[in-house]
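Here's the letter readout for the chains.
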Amino acid sequence: MDTATHFVMGLSLAGLAYVDPAVAASPALATAVLLGTVIGSQAPDFDGLLRFKSNALYVKNHRGITHSLPFLVIWTALISSILALLFSTVPAGHIILWTGVAVCVHVFSDLFNTYGTQAVRPFSERWISWNIIHIFDPFIFTTHAAAVLLWSTGAAKPAPLFLGLYILTAIYYVWRTVVHSFKTAEVKRLDPTRQGGERYYVIPTVSFHKWHVVKALTDGSYEIGVMNGNELEWRKHACSEQHPAVEHSKQHPDVQAFLYFTSFAVAEVENLPWGYVVRWADVRYRHRKQYPFVAVLVMDKQFQPINTYVGWLSAKKMDKRLSINSG
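Nothing here was measured: the structure is a model prediction, and the numbers come from that model.

J.: Please explain unusual backbone geometry as it appears in this structure.
T.: Most of the time, phi is negative for any residue but glycine, and the peptide bond is trans. Of the consecutive residues Arg 121 and Pro 122, the connecting peptide bond is found in the cis state with omega at 15°. Along the polypeptide, Pro 122 turns up in the loop between helix 6 (92-110) and helix 7 (138-152). At Arg 63, a residue that is not glycine, the phi angle is positive and equals roughly 60°. On the secondary structure map, Arg 63 appears in the loop between helix 4 (55-61) and helix 5 (69-86). Take Arg 63: its relative accessible area is 2%, and that puts it in the buried class. Its identity is not glycine, yet Asn 131 carries a phi of approximately 55°, on the positive side.

J.: Looking at this structure, how should I read the nonpolar core?
T.: Among soluble globular proteins, nonpolar side chains are generally buried collectively. One finds Val 23, Ile 133, Ile 140, Phe 162 and Tyr 173 to be the most contacted residues of the largest nonpolar core, which totals 40 residues. Elements supplying a minimum of two residues to this core: helix 1 (3-16), helix 3 (27-42), helix 5, helix 6, helix 7 and helix 8 (158-190). If one sorts the elements of this core by residue count, helix 8 sits on top with six residues. Ignoring sequence-local partners within four residues, the contact set of Ile 133 consists of Met 1, Phe 112, Asn 113, Ile 140, Tyr 172, Tyr 173, Arg 176 and Pro 204.

J.: Help me out: how do you make sense of the UniProt feature "transmembrane region" (unreviewed entry) in the chain in this one?
T.: Per the UniProt annotation, the sites labelled "transmembrane region" (unreviewed entry) are residues 69-89, 95-115, 127-152 and 158-175. Across residues 69-89, the secondary structure splits into 86% helix and 0% strand, with the terminal C-alpha atoms separated by 30 Å. Helix makes up 76% of residues 95-115 and strand makes up 0%, while its end C-alpha atoms are separated by 30 Å.

J.: What is the right way to look at the packing of helix 5 against helix 6 in this model?
T.: Closest axis-to-axis distance for the helix 5/helix 6 pair is 9 Å, and the angle between their directions is 140°. With respect to helix 6, the element helix 5 is oriented oblique. Here helix 5 and helix 6 pass one another in a crossing that is right-handed. Here helix 5 contributes Phe 71, Leu 72, Trp 75, Thr 76, Ile 79, Ser 80, Leu 83 and Ala 84 to the contact with helix 6, which in turn contributes Ala 92, Ile 95, Ile 96, Thr 99, Gly 100, Val 103, Cys 104 and Val 107.

Each value, and the rule that gives it
- Residues numbered from 1 in each chain as written.
- Predicted model: local features only at pLDDT ≥ 70, side-chain atom pairs only at ≥ 80, totals over all residues.
- Heavy atoms only, no water.
- Helix = DSSP H or I, 4+ residues; strand = E, 2+ residues; numbered from the N terminus.
- Buried < 20%, exposed > 50% of the residue type's maximum accessible area, 1.4 Å probe, protein only.
- Core = buried A, V, L, I, M, F, W, Y, C linked by side-chain atoms within 4.5 Å.
- Contact = heavy atoms within 4.5 Å.
- UniProt positions renumbered as here; feature names shortened; annotations may be inferred.
- Axes fitted to C-alpha atoms, helices over the stretch in contact; angles between N-to-C directions.
- Parallel < 35°, antiparallel > 145°, perpendicular 65-115°, else oblique.
- Left-handed = near helix turned anticlockwise from the far one by under 90°.

Okay, structure coming up:
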(Lines give C-alpha, C1' and ligand atoms only; values in the text may rest on other atoms or scores of the structure.)
Protein backbone atom coordinates (compact mmCIF):
# COMPACT_ATOMS: atom_id res chain seq x y z
CA MET A 1 0.00 0.00 0.00
CA ASP A 2 1.00 3.65 -0.23
CA THR A 3 2.39 5.56 2.76
CA ALA A 4 -0.85 7.43 3.50
CA THR A 5 -2.88 4.21 3.64
CA HIS A 6 -0.34 2.53 5.91
CA PHE A 7 -0.54 5.58 8.18
CA VAL A 8 -4.33 5.57 8.55
CA MET A 9 -4.25 1.82 9.06
CA GLY A 10 -1.72 2.33 11.83
CA LEU A 11 -4.12 4.76 13.48
CA SER A 12 -7.06 2.41 13.00
CA LEU A 13 -5.11 -0.45 14.58
CA ALA A 14 -4.60 1.77 17.63
CA GLY A 15 -8.38 2.08 17.76
CA LEU A 16 -8.81 -1.66 17.31
CA ALA A 17 -6.47 -2.17 20.27
CA TYR A 18 -9.26 -0.94 22.53
CA VAL A 19 -10.78 -4.42 22.27
CA ASP A 20 -7.88 -5.28 24.62
CA PRO A 21 -9.23 -4.50 28.13
CA ALA A 22 -5.78 -3.45 29.35
CA VAL A 23 -5.47 -0.85 26.60
CA ALA A 24 -9.00 0.44 27.16
CA ALA A 25 -8.34 0.84 30.89
CA SER A 26 -4.99 2.66 30.68
CA PRO A 27 -4.49 5.97 28.83
CA ALA A 28 -0.72 5.57 29.15
CA LEU A 29 -0.80 2.11 27.59
CA ALA A 30 -3.19 3.34 24.88
CA THR A 31 -0.70 6.10 24.01
CA ALA A 32 2.19 3.62 23.87
CA VAL A 33 0.15 1.28 21.67
CA LEU A 34 -0.82 4.20 19.40
CA LEU A 35 2.85 5.01 18.87
CA GLY A 36 3.62 1.33 18.35
CA THR A 37 0.95 0.78 15.71
CA VAL A 38 1.70 3.99 13.82
CA ILE A 39 5.47 3.44 13.78
CA GLY A 40 5.05 -0.29 13.18
CA SER A 41 2.78 0.37 10.22
CA GLN A 42 5.56 2.48 8.63
CA ALA A 43 8.69 0.62 9.74
CA PRO A 44 9.01 -1.90 6.86
CA ASP A 45 9.15 1.04 4.43
CA PHE A 46 12.09 2.67 6.19
CA ASP A 47 14.12 1.18 3.35
CA GLY A 48 12.93 4.23 1.41
CA LEU A 49 15.92 6.00 2.95
CA LEU A 50 18.05 4.06 0.44
CA ARG A 51 16.90 6.62 -2.15
CA PHE A 52 19.38 9.05 -0.61
CA LYS A 53 22.21 6.71 -1.59
CA SER A 54 20.99 5.66 -5.04
CA ASN A 55 17.79 4.87 -6.89
CA ALA A 56 19.21 1.54 -8.02
CA LEU A 57 19.84 0.46 -4.45
CA TYR A 58 16.32 1.49 -3.53
CA VAL A 59 14.70 -0.34 -6.46
CA LYS A 60 16.63 -3.52 -5.73
CA ASN A 61 15.88 -3.54 -2.01
CA HIS A 62 12.53 -1.78 -1.48
CA ARG A 63 10.04 -4.21 0.06
CA GLY A 64 12.86 -6.73 0.20
CA ILE A 65 14.60 -7.74 3.41
CA THR A 66 12.73 -5.13 5.48
CA HIS A 67 9.51 -7.02 4.65
CA SER A 68 11.00 -10.45 5.32
CA LEU A 69 10.10 -12.95 8.03
CA PRO A 70 13.07 -12.11 10.30
CA PHE A 71 12.25 -8.41 10.10
CA LEU A 72 8.72 -8.99 11.31
CA VAL A 73 10.41 -9.90 14.60
CA ILE A 74 13.19 -7.31 14.35
CA TRP A 75 10.88 -4.33 13.76
CA THR A 76 8.53 -5.47 16.52
CA ALA A 77 11.33 -5.99 19.02
CA LEU A 78 13.11 -2.75 18.18
CA ILE A 79 10.04 -0.50 18.33
CA SER A 80 8.58 -2.23 21.37
CA SER A 81 11.85 -2.05 23.29
CA ILE A 82 12.12 1.70 22.79
CA LEU A 83 8.48 2.25 23.75
CA ALA A 84 8.83 -0.02 26.79
CA LEU A 85 11.68 2.17 28.00
CA LEU A 86 9.66 5.34 27.44
CA PHE A 87 6.53 3.87 29.07
CA SER A 88 8.14 1.82 31.80
CA THR A 89 5.01 1.78 34.01
CA VAL A 90 2.78 -0.06 31.51
CA PRO A 91 2.84 -3.81 30.66
CA ALA A 92 5.24 -4.29 27.76
CA GLY A 93 3.46 -7.38 26.45
CA HIS A 94 0.55 -5.36 25.11
CA ILE A 95 2.92 -2.97 23.33
CA ILE A 96 4.72 -5.91 21.73
CA LEU A 97 1.43 -7.50 20.66
CA TRP A 98 -0.07 -4.48 18.93
CA THR A 99 3.20 -3.28 17.42
CA GLY A 100 3.70 -6.76 15.98
CA VAL A 101 0.16 -6.74 14.58
CA ALA A 102 0.88 -3.41 12.83
CA VAL A 103 4.12 -4.68 11.28
CA CYS A 104 2.47 -7.90 10.09
CA VAL A 105 -0.55 -6.07 8.66
CA HIS A 106 1.77 -3.80 6.68
CA VAL A 107 3.67 -6.69 5.10
CA PHE A 108 0.56 -8.80 4.55
CA SER A 109 -1.33 -5.97 2.82
CA ASP A 110 1.66 -5.31 0.52
CA LEU A 111 1.42 -8.87 -0.79
CA PHE A 112 -1.87 -7.96 -2.46
CA ASN A 113 -0.31 -5.25 -4.64
CA THR A 114 1.46 -5.54 -7.98
CA TYR A 115 4.78 -4.29 -6.59
CA GLY A 116 4.93 -7.19 -4.15
CA THR A 117 7.44 -8.09 -1.43
CA GLN A 118 10.11 -10.66 -0.60
CA ALA A 119 8.04 -11.74 2.38
CA VAL A 120 9.38 -15.30 2.57
CA ARG A 121 13.06 -14.41 2.83
CA PRO A 122 15.38 -15.99 3.88
CA PHE A 123 13.79 -19.11 2.40
CA SER A 124 13.38 -17.52 -1.02
CA GLU A 125 14.17 -14.19 -2.70
CA ARG A 126 11.13 -14.53 -4.96
CA TRP A 127 8.98 -11.41 -5.26
CA ILE A 128 5.41 -12.18 -4.24
CA SER A 129 2.73 -9.97 -5.79
CA TRP A 130 -0.86 -11.16 -5.90
CA ASN A 131 -2.19 -8.30 -8.10
CA ILE A 132 -5.45 -8.06 -6.17
CA ILE A 133 -5.47 -4.61 -4.54
CA HIS A 134 -4.18 -1.39 -6.15
CA ILE A 135 -1.32 0.26 -4.27
CA PHE A 136 -3.80 3.03 -3.42
CA ASP A 137 -7.25 1.62 -2.81
CA PRO A 138 -9.89 4.36 -2.35
CA PHE A 139 -12.22 2.08 -0.37
CA ILE A 140 -9.58 1.03 2.16
CA PHE A 141 -8.20 4.53 2.62
CA THR A 142 -11.62 6.22 2.87
CA THR A 143 -13.15 3.74 5.32
CA HIS A 144 -10.14 3.79 7.63
CA ALA A 145 -9.78 7.57 7.48
CA ALA A 146 -13.50 8.01 8.19
CA ALA A 147 -13.34 5.66 11.18
CA VAL A 148 -10.31 7.49 12.59
CA LEU A 149 -12.20 10.79 12.19
CA LEU A 150 -15.24 9.41 14.04
CA TRP A 151 -13.00 8.16 16.84
CA SER A 152 -11.00 11.37 17.14
CA THR A 153 -14.13 13.52 17.38
CA GLY A 154 -15.71 11.26 19.98
CA ALA A 155 -18.60 10.35 17.70
CA ALA A 156 -18.07 6.62 18.20
CA LYS A 157 -16.42 4.31 20.71
CA PRO A 158 -13.21 2.79 19.33
CA ALA A 159 -13.66 -0.90 20.17
CA PRO A 160 -16.93 -1.59 18.31
CA LEU A 161 -16.11 0.93 15.57
CA PHE A 162 -12.75 -0.55 14.59
CA LEU A 163 -13.78 -4.14 15.18
CA GLY A 164 -16.54 -3.56 12.63
CA LEU A 165 -14.11 -1.76 10.33
CA TYR A 166 -11.64 -4.65 10.28
CA ILE A 167 -14.37 -7.21 9.74
CA LEU A 168 -15.50 -5.09 6.76
CA THR A 169 -11.91 -4.81 5.54
CA ALA A 170 -11.41 -8.58 5.74
CA ILE A 171 -14.64 -9.13 3.77
CA TYR A 172 -13.44 -6.58 1.21
CA TYR A 173 -10.12 -8.39 0.74
CA VAL A 174 -11.92 -11.70 0.27
CA TRP A 175 -14.32 -10.10 -2.23
CA ARG A 176 -11.47 -8.54 -4.23
CA THR A 177 -9.64 -11.87 -4.25
CA VAL A 178 -12.70 -13.64 -5.63
CA VAL A 179 -13.27 -10.90 -8.22
CA HIS A 180 -9.64 -11.11 -9.31
CA SER A 181 -9.93 -14.85 -9.75
CA PHE A 182 -13.09 -14.49 -11.85
CA LYS A 183 -11.56 -11.69 -13.93
CA THR A 184 -8.48 -13.76 -14.67
CA ALA A 185 -10.67 -16.64 -15.84
CA GLU A 186 -12.79 -14.24 -17.88
CA VAL A 187 -9.75 -12.74 -19.62
CA LYS A 188 -8.61 -16.20 -20.63
CA ARG A 189 -12.08 -17.02 -21.92
CA LEU A 190 -12.41 -13.79 -23.91
CA ASP A 191 -8.98 -13.94 -25.54
CA PRO A 192 -9.46 -15.43 -29.05
CA THR A 193 -5.69 -15.73 -29.58
CA ARG A 194 -4.98 -17.77 -26.47
CA GLN A 195 -2.32 -20.43 -26.89
CA GLY A 196 -1.01 -23.13 -24.59
CA GLY A 197 1.73 -22.08 -22.20
CA GLU A 198 0.74 -18.41 -22.09
CA ARG A 199 0.32 -16.77 -18.69
CA TYR A 200 -2.12 -13.99 -17.81
CA TYR A 201 -1.64 -11.29 -15.20
CA VAL A 202 -4.72 -9.24 -14.34
CA ILE A 203 -3.65 -6.08 -12.53
CA PRO A 204 -5.95 -3.80 -10.49
CA THR A 205 -6.44 -0.06 -11.00
CA VAL A 206 -8.15 2.49 -8.74
CA SER A 207 -11.37 1.65 -10.57
CA PHE A 208 -13.36 -1.45 -9.59
CA HIS A 209 -14.32 -2.02 -13.23
CA LYS A 210 -10.99 -1.54 -15.01
CA TRP A 211 -8.05 -3.93 -14.94
CA HIS A 212 -4.75 -3.85 -16.79
CA VAL A 213 -3.87 -7.15 -18.45
CA VAL A 214 -0.45 -8.55 -19.29
CA LYS A 215 -0.17 -11.76 -21.28
CA ALA A 216 3.25 -13.41 -21.21
CA LEU A 217 3.82 -15.26 -24.47
CA THR A 218 6.01 -18.33 -24.78
CA ASP A 219 8.60 -16.42 -26.85
CA GLY A 220 9.29 -13.99 -23.98
CA SER A 221 7.23 -11.11 -25.37
CA TYR A 222 4.05 -9.61 -23.92
CA GLU A 223 0.61 -8.52 -25.01
CA ILE A 224 -0.60 -5.49 -23.07
CA GLY A 225 -4.31 -4.83 -22.75
CA VAL A 226 -7.21 -3.54 -20.70
CA MET A 227 -10.23 -5.29 -19.25
CA ASN A 228 -12.94 -2.63 -18.97
CA GLY A 229 -16.09 -4.14 -17.54
CA ASN A 230 -16.60 -7.27 -19.62
CA GLU A 231 -14.64 -6.04 -22.64
CA LEU A 232 -11.06 -7.13 -23.31
CA GLU A 233 -8.91 -4.95 -25.57
CA TRP A 234 -5.32 -5.69 -26.53
CA ARG A 235 -3.43 -2.44 -27.10
CA LYS A 236 0.25 -3.19 -27.54
CA HIS A 237 2.74 -5.95 -28.21
CA ALA A 238 5.97 -5.53 -26.26
CA CYS A 239 9.22 -7.39 -26.75
CA SER A 240 12.92 -6.76 -26.19
CA GLU A 241 14.97 -5.66 -29.16
CA GLN A 242 17.86 -7.85 -30.24
CA HIS A 243 20.81 -5.47 -30.21
CA PRO A 244 24.37 -5.51 -28.83
CA ALA A 245 23.57 -2.42 -26.75
CA VAL A 246 20.90 -4.39 -24.90
CA GLU A 247 23.37 -7.12 -23.97
CA HIS A 248 25.98 -4.58 -22.86
CA SER A 249 23.38 -2.75 -20.75
CA LYS A 250 22.82 -5.89 -18.67
CA GLN A 251 26.32 -5.46 -17.23
CA HIS A 252 25.48 -2.10 -15.65
CA PRO A 253 24.61 -2.22 -11.92
CA ASP A 254 21.52 -0.01 -12.34
CA VAL A 255 20.05 -2.28 -15.00
CA GLN A 256 20.98 -5.35 -12.96
CA ALA A 257 19.09 -3.88 -9.99
CA PHE A 258 16.06 -3.29 -12.19
CA LEU A 259 16.14 -6.81 -13.64
CA TYR A 260 16.60 -8.28 -10.15
CA PHE A 261 13.33 -6.70 -9.12
CA THR A 262 11.18 -7.42 -12.18
CA SER A 263 10.76 -10.34 -14.54
CA PHE A 264 8.43 -8.27 -16.77
CA ALA A 265 11.10 -6.12 -18.40
CA VAL A 266 11.49 -5.36 -22.09
CA ALA A 267 14.23 -3.30 -23.72
CA GLU A 268 14.20 -0.92 -26.65
CA VAL A 269 17.18 0.79 -28.26
CA GLU A 270 17.39 4.31 -29.64
CA ASN A 271 20.30 4.62 -32.09
CA LEU A 272 21.77 8.11 -32.07
CA PRO A 273 24.74 9.54 -34.04
CA TRP A 274 26.89 9.59 -30.92
CA GLY A 275 25.71 6.41 -29.21
CA TYR A 276 22.74 4.42 -27.90
CA VAL A 277 19.94 4.81 -25.39
CA VAL A 278 18.67 1.53 -23.96
CA ARG A 279 15.31 1.80 -22.19
CA TRP A 280 14.23 -1.10 -20.01
CA ALA A 281 10.58 -0.89 -18.94
CA ASP A 282 8.37 -2.94 -16.64
CA VAL A 283 5.31 -3.69 -18.79
CA ARG A 284 3.03 -4.12 -15.77
CA TYR A 285 2.97 -0.36 -15.23
CA ARG A 286 1.56 1.10 -18.44
CA HIS A 287 0.13 4.60 -17.97
CA ARG A 288 -1.10 6.85 -20.79
CA LYS A 289 0.73 4.79 -23.43
CA GLN A 290 3.99 4.99 -21.47
CA TYR A 291 5.89 2.81 -19.03
CA PRO A 292 6.91 5.02 -16.10
CA PHE A 293 8.93 2.40 -14.22
CA VAL A 294 12.18 2.12 -16.15
CA ALA A 295 15.93 1.70 -16.22
CA VAL A 296 17.61 3.84 -18.88
CA LEU A 297 21.25 3.61 -19.87
CA VAL A 298 22.93 6.09 -22.22
CA MET A 299 26.05 4.73 -23.93
CA ASP A 300 28.55 5.88 -26.54
CA LYS A 301 29.30 3.92 -29.70
CA GLN A 302 31.80 1.79 -27.79
CA PHE A 303 29.03 0.83 -25.32
CA GLN A 304 30.62 2.82 -22.49
CA PRO A 305 28.08 4.27 -20.01
CA ILE A 306 27.50 8.03 -20.17
CA ASN A 307 24.46 8.45 -17.98
CA THR A 308 21.83 6.31 -16.31
CA TYR A 309 18.57 6.42 -14.40
CA VAL A 310 16.41 3.81 -12.72
CA GLY A 311 13.03 4.43 -11.11
CA TRP A 312 9.74 6.18 -11.87
CA LEU A 313 9.75 8.93 -14.48
CA SER A 314 7.84 9.92 -17.64
CA ALA A 315 9.55 9.61 -21.03
CA LYS A 316 9.60 13.40 -21.54
CA LYS A 317 11.15 14.12 -18.15
CA MET A 318 13.54 11.22 -18.63
CA ASP A 319 15.01 12.65 -21.83
CA LYS A 320 15.44 16.03 -20.14
CA ARG A 321 17.01 14.51 -17.04
CA LEU A 322 19.52 12.48 -19.03
CA SER A 323 20.12 15.28 -21.59
CA ILE A 324 19.15 12.98 -24.45
CA ASN A 325 18.82 14.62 -27.85
CA SER A 326 19.39 13.70 -31.45
CA GLY A 327 22.16 16.23 -31.95
